[in-house]
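# Structure at a glance
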Amino acid sequence: MHFYAGVLVAPFLIVAALSGLAFVFTPQLDRLVYADELRVAQVTGEPRPLAEQVAAARVAHPDGDLASVIPPVADSETTRVVFSLPELGEKQHTVYVDPYTNEVKGTLTTWFGETPLMTWIDDLHRNLHLGVVGRHYSELAASWLWVLVLGGLTLWLHRQWNGRRQRLRRIVLPDLAAGRGVRRTRGWHAATGVWLAVGLLALSATGLTWSRYAGASFDVVQNAFNAHSPTLETTLPGAAAGAGPDTGHHGTPTGTGAVADSADIDAVVAAARQAGLGGRVEASPPTEPGTGWTVAQDDPTWPIGFDRVAVDPSSGAIVARSDFADWPLLAQLSKLGVAFHMGFLFGLVNQLLLTALAVGLLCAIVWAYRMWWQRRPTRADRAAPVGAPPERGAWRRAHPGAVVVAVVLAVAVGWALPLLGISLAAFLVVDALVGMARRRRVRATAPTSPSGVRG
């Protein structure tokens, strides 16, 4: 399994590692590429009211509904005013406003807060810019990565400890005294895999949680344990079902995303700050009559901030609250896992760790292919240009109980991770056909006895 999966899946892992490596440092790239939009030219005086900044953004961008407002955290940052337009689908237009002068610094098409550059690299990593079909590549890589890691660890530990007393050093460090052949290459490949194992398993698990098919299986588990992040109730006290549009301070209907809604935003954000929501927050206007504003923390850096409150704009009262600490454990782990996978959770340390994992994985793959090449038979009567496969017949030598357990586990894992299950089934079918063809060829070339029976 480790050999064949490595040979066939490694190209997908190479693409995932390279594209993931490019994504790791997109925050720094954003600050360089979009410096004019993200940063103010000069910090002067006190920031203007958020309502004025939203009004300035609306003048520069008259189309679309107001989706959210993200006030700056640092003094040198711009305010982000986000507008939704039907023709953009999931994407939005973000207008960047100088909080000291109300000057519009620029407009970018964003996707869940990502800049065009980050979105492009994100799409490359997730689907190779091939849409839904392209997502199969990344899910296939993530589905097999943990199998490769655990299989490699099992092989290496068995090799080092089988019948001999060995030091830990032989497991975690390559044998530098080995020659230049396959033994030396195997040492580098295996020792690197040992050091990367925990990180690669974490990347595999977190990547699968939002993949297309395995992610659906993860949703089934969350539903079964009621472990989704809780929904924030935004209905205002006393709001009657079917009531007419709620009106803002200026008598204009709210909840439609119209610019008049921005009149409430300063009081709404102030109320959220007083309620303890620090760091970066995103304030979203009501989406229906009789509901309040939503203010949500958006800080994936440890210690993370994902608390949310619903605010009544007329009184500034907090009508509902959802704290990250109260989320179900599985929902918390999922959120933290996504932040780690994207390189946000521990800031620069997280970025450097992911860089080491990506580079280490690429090195391990290169050594694996080199080892495969070094092991190829070179004798004229046994030549195998693409290398020698492992010996066949492992199933027949295994204990029947182990076979049954392996089959049950394979079926269960294949159901949870469909792309792994489909590719594994396809491999088994091809392997069986190859075995049948070899047996027929052996029988056809076997010598015939004088009685006419082949030996």
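Residues numbered from 1 in each chain as written. Predicted model: local features only at pLDDT ≥ 70, side-chain atom pairs only at ≥ 80, totals over all residues. Heavy atoms only, no water.

### Considering the overall build of the protein chain
For the protein chain, the count of helices and strands is 15 helices and eight strands. Scored against the burial criterion, the 455 residues of the protein chain give a buried share of 40%. Entry remark: accessible area of the protein chain is about 24800 Å², with carbon and sulfur atoms responsible for 63%. (Helix = DSSP H or I, 4+ residues; strand = E, 2+ residues; numbered from the N terminus. Buried < 20%, exposed > 50% of the residue type's maximum accessible area, 1.4 Å probe, protein only. Areas by Shrake-Rupley, 256 points an atom, 1.4 Å probe, with all protein chains shown as cover.)

### Remarks on the side chain of Arg58
Along the chain, the position of Arg58 falls in helix H4 (residues 50–60). Summary of buried charges: Arg58 has no salt-bridge partner, and the nearest side chain of opposite charge, Asp65, is 5.5 Å away. (Lys, Arg positive; Asp, Glu negative; His and termini not counted. Salt bridge = Lys/Arg side-chain N within 4 Å of Asp/Glu carboxyl O.)

### Quick notes on a positive patch on the surface
Taken together, Arg396, Arg439, Arg440 and Arg443 make up a surface patch of like positive charges. Among the elements that make up the positive patch, the one with the highest residue count is helix H15 (residues 418–445) (three residues). (Patch = residues over 30% accessible without salt bridge, like charges linked within 9 Å, V, L, I, M, F, W, Y side chains within 5 Å. Charge placed at Lys NZ, Arg CZ, Asp CG, Glu CD.)

### Some details on the pattern of salt bridges
Counting across every chain of the model gives five salt bridges. Here Asp323 ties to Arg321 by a salt bridge, and the two come within 2.7 Å at their closest N and O atoms. Shared partners join several salt bridges into a network, and the residues in it are Asp122, Asp123 and Arg126.

### Points about the packing of aromatic side chains
We describe a pair of aromatic rings using the distance from one ring centre to the other and the angle between the two ring planes. Under the criterion given, the structure shown has eight aromatic pairs. An angle of 80 degrees between the planes, with centres 5.1 Å apart, marks the rings of Trp111 and Phe112 as edge-to-face. Judged by relative accessible area, Trp111 falls into the buried class, the value being 14%. Here the aromatic rings of Tyr369 and Trp372 are separated by 6.0 Å at their centres, their planes lie at 40 degrees, and the arrangement is tilted. Of this pair, Tyr369 and Trp372 both sit in helix H12 (residues 348–374), three residues apart, which is roughly one turn of that helix. Among the residues examined, Trp372 registers a relative accessible area of 23% and is labelled partly exposed. Chaining the aromatic ring pairs together yields one cluster made of Phe3, Tyr4, Tyr369, Trp372 and Phe427. Its guanidinium or amino end placed over the ring of Phe306, Lys335 lies 4.8 Å from that ring's centre, counting from NZ or CZ. (Phe/Tyr/Trp six-rings, centres within 6.5 Å; stacked < 30°, edge-to-face > 60°. Lys NZ or Arg CZ within 6 Å of the ring centre and 35° of its normal.)

### With respect to helix H5 (residues 116–127)
Between its first and last C-alpha, H5 extends 16 Å over twelve residues, near the 16 Å set by a 1.5 Å rise per residue. Along H5, the residues that are buried comprise Met118, Thr119, Ile121, Asp122, Asp123, His125, Arg126 and Asn127. On its buried face, H5 sits against helix H1 (2–24), helix H2 (26–33), helix H6 (131–161) and helix H11 (329–341). Of the residues one or two after H5, Leu128 is the one with positive phi, at around 60 degrees. (Expected span 1.5 Å × (residues − 1). Contact = heavy atoms within 4.5 Å.)

### With respect to a nonpolar patch on the surface
A grouping of Trp395, Val407, Val411 and Leu428 is seen on the molecular surface, where their side chains present a nonpolar patch of about 390 Å² in accessible area. By secondary structure assignment, the location of Trp395 is in helix H13 (residues 394–397).

### Regarding the environment of Val172
Following the sequence through the fold, Val172 ends up in helix H7 (residues 169–172). Taking the C-alpha atoms as reference points, Val172 and Thr192, separated by 20 residues in sequence, lie 7.7 Å from one another. Beyond its immediate sequence surroundings of up to four residues, Val172 is in contact with Ala191, Val194 and Trp195.

### Some details on the pairing of strand E8 (residues 318–322)
In this sheet, E8 lies alongside strand E7 (residues 308–311) in antiparallel orientation, the contact comprising four bridges. Directly across from Ala310, in E8, lies its bridge partner Ala320. Between the antiparallel neighbours E7 and E8 lie six residues, among them Gly316 with a positive phi of about 75 degrees. (Pairing = 2+ DSSP bridges.)

### Some remarks on the nonpolar core
Counting residues in each nonpolar core, the largest one holds 39 residues, and the members touching the most others are Leu13, Trp144, Leu200 and Leu361. Take this core: its biggest share by element is eight residues, from H6. One finds Val95, Val97, Ile265 and Ala283 within the second-largest nonpolar core, a separate group that totals 22 residues. (Core = buried A, V, L, I, M, F, W, Y, C linked by side-chain atoms within 4.5 Å.)

### Remarks on the pairing of strand E3 (residues 92–97)
Looking along a regular strand, one sees the side chains alternate between the two faces of the sheet. With six of its six residues buried, E3 lies for the most part within the structure. Of the two faces of E3, the one holding Gln92, Thr94 and Tyr96 and the one holding His93, Val95 and Val97 are both buried throughout. Here five bridges tie strand E2 (residues 79–84) to E3, and the two strands are oriented antiparallel to one another. Paired with Arg80 across the two strands is Tyr96, which belongs to E3. Where E3 folds back on strand E4 (residues 104–110), the antiparallel hairpin that results is connected by six residues, among which Asn102 adopts a positive phi of roughly 65 degrees.

### Thoughts on the packing of helix H8 (residues 182–209) against H11
With their axes 9 Å apart at the nearest point, H8 and H11 run at an angle of 115 degrees to one another. The two elements H8 and H11 meet at a crossing, and its hand is left-handed. Residues Ala202, Leu203, Thr206 and Gly207 of H8 pack against Gly337, Phe340 and His341 of H11. Split by residue class, the contact of H8 with H11 holds three nonpolar, four polar and no charged. (Axes fitted to C-alpha atoms, helices over the stretch in contact; angles between N-to-C directions. Left-handed = near helix turned anticlockwise from the far one by under 90°. Nonpolar A, V, L, I, M, F, W, Y, C, P; charged D, E, K, R; others polar.)

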